[in-house]
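# Understanding the architecture of this molecule
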Amino acid sequence: MAGLWSRLSTGLTKTRTAITDRLQNLVPTGGRIQKETWEELEEILIAADVGVEVTEELIDAAKKERAASVADIKAVLASKLEEILEAGHDTPSTPHDSPLVILVVGVNGAGKTTTIAKLAARYRKEGKKVLLAACDTFRAAAGEQLLVWANRVGAEVIAHQEGSDPAAVAYDGAQAALARRADVLIVDTAGRLQTKKNLMQELAKIHRVLAKTRPDFPQETLLVVDATTGQNAMSQARLFKEAIPLTGIVLAKLDGTAKGGIAIAIQRELGIPIKWLGIGEGMDDLEDFEPKAFVAALLENSTEKP
Ligand SMILES: Nc1nc2c(ncn2[C@@H]2O[C@H](COP(=O)(O)OP(=O)(O)OP(=O)(O)O)[C@@H](O)[C@H]2O)c(=O)[nH]1
Ligand SMILES: [Mg+2]
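Residues numbered from 1 in each chain as written. Chains lettered and ligands numbered in written order. Predicted model: local features only at pLDDT ≥ 70, side-chain atom pairs only at ≥ 80, totals over all residues.

## Focus: unusual backbone geometry
- Pro 218 follows Phe 217 through a cis peptide bond whose omega is -20 degrees.
- Within the element layout of this structure, Pro 218 appears in the loop between helix 9 (197-213) and strand 5 (220-226).
- Positive phi values are uncommon outside glycine, yet Arg 181 reaches one of about 55 degrees.
- Considering the arrangement of structural elements, one finds Arg 181 in the loop between helix 8 (166-179) and strand 4 (184-188).
- Overall, the presence of 10 C-beta atoms within 10 Å leaves Arg 181 in the exposed class. (Helix = DSSP H or I, 4+ residues; strand = E, 2+ residues; numbered from the N terminus. Buried ≥ 20, exposed ≤ 12 C-beta atoms within 10 Å, placed from the backbone.)

This is the structure we're talking about:
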């Protein structure tokens, strides 16, 4: 089937291998599902960071459906996971009511600036005018990094001097987006620990300043989460959500982890939709989060690889 082994499948290789290879060995050929089988299944799902809540739900569903083979179990997992992910699904905003303002936040090194470059590249390909606001005025090289990406994808940058007030940059960014009739404004922010109250307040201020320019700004507030951090991602999402209204999550570095199940746990347990997946360091390594495609890429057999 054309495109079956997609970039998403490649990005999810580690997680898929961790889940499906072990699923494959769950029941010996001709064997029956026993108590130990369910325990092992539970362990597989928890190890992939699917989360306790969802794991129990999946196993209950498999038992209820009287799954009698690995194939049965996989079929139940697929349909139930799809159902769970569809329930919290939401597509990213489009720049129809331009400018579309996207505020990007997250802990240090999560993948914010790279994600912004990927988003900018995507909108540029659609022929949109893209403006980036360099609100990471804290880290010396941050503005430079954003500028390099901007030049590569053909976006404009609004920046102030190092150490200046990030909210002031955000304000100028929003004003410039209106004045220059940009289609998209993406606001980069400095990495910050979710437990640092003053830095969380700084984010709230950036959010407020944008909203002052136009009440619907920012239409998107994306939290970038490093998928390799596992369960800490839950605490990050929880505390950022307390500080500012998040509209979605970008799960970056999915290619680097066997614990991609965290996508399911985050969306289900925190009720914040996953909107994008980062599956590499390149400009094109960004995928829409589509429940059906995600589940297919998660559960297809590794041996199906061409
Ligand atoms: N493999 C992989 N690496 C990624 C991905 N996204 C980002 N990275 C890498 O992660 C590192 C940090 O990325 P940045 O985009 O600079 O992260 P940041 O959140 O802006 O970092 P700070 O601004 O310092 O807080 C870089 O080496 C990126 O290339 C991804 O989806 N996959
Ligand atoms: Mg950055």
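## Regarding the domain arrangement of the protein chain
- For the protein chain, the assigned domains are domain 1 (7-89 + 298-304) and domain 2 (95-288).
- Contacts between the two partners involve 19 residues from domain 1, matched on the other side by 21 residues from domain 2.
- Taken together, the elements giving at least two residues each to the side of domain 1 that touches domain 2 come down to helix 1 (7-11), helix 2 (13-24), helix 4 (52-64) and helix 5 (70-87).
- Tallied by class, residues from the side of domain 1 that touches domain 2 come to 10 nonpolar, 5 polar and 4 charged. (Domains from an automatic or database assignment. Contact = placed C-beta atoms within 7 Å. Nonpolar A, V, L, I, M, F, W, Y, C, P; charged D, E, K, R; others polar.)

## Structural notes on the pairing of strand 6 (residues 248-252)
- Counting buried residues along strand 6, 5 of its 5 residues qualify, which places the element largely inside the surrounding structure.
- Judged by which residues are buried, strand 6 turns out to be covered on both faces: Gly 248, Val 250 and Ala 252 on one side and Ile 249 and Leu 251 on the other are all buried.
- In this sheet, strand 6 lies alongside strand 5 in parallel orientation, the contact comprising 5 bridges. Opposite Val 224, over in strand 6, you have Val 250 as the bridge partner.
- Pairing analysis gives 3 bridges linking strand 6 to strand 7 (residues 274-278), with the strands arranged parallel. In the sheet register, Val 250 faces strand 7, and the bridge partner there is Trp 276.
- Between the parallel elements strand 6 and strand 7, the chain passes through helix 11 (residues 262-270) in a crossover that is right-handed. (Pairing = 2+ DSSP bridges. Right-handed = clockwise from strand over helix to strand, strands pointing away.)

## Comments concerning the sheet that holds strand 2 (residues 130-134)
- Taken together, the 8 strands give an open sheet; going across it, the order is 3-2-4-1-5-6-7-8, and neighbouring strands pair in mixed fashion. Every interior strand has two partners, whereas the edge strands, strand 3 (156-158) and strand 8 (286-288), have only one. Across the sheet, the mean angle separating the axes of adjacent strands is 25 degrees when strand polarity is ignored.
- The pairing of strand 7 with strand 8 spans 3 bridges and is classified as antiparallel. Following the sheet pairing, Leu 277 is matched in strand 8 by Glu 287.
- The strands touched by helix 6 (residues 112-125) are strand 1 (100-105), strand 2, strand 4, strand 5, strand 6, strand 7 and strand 8; relative to strand 4, the strand with the most contacts, the crossing angle is about 170 degrees.
- Of the strands in this sheet, strand 1 and strand 5 are in contact with helix 9, which crosses strand 1 at around 175 degrees. (Axes fitted to C-alpha atoms, helices over the stretch in contact; angles between N-to-C directions.)

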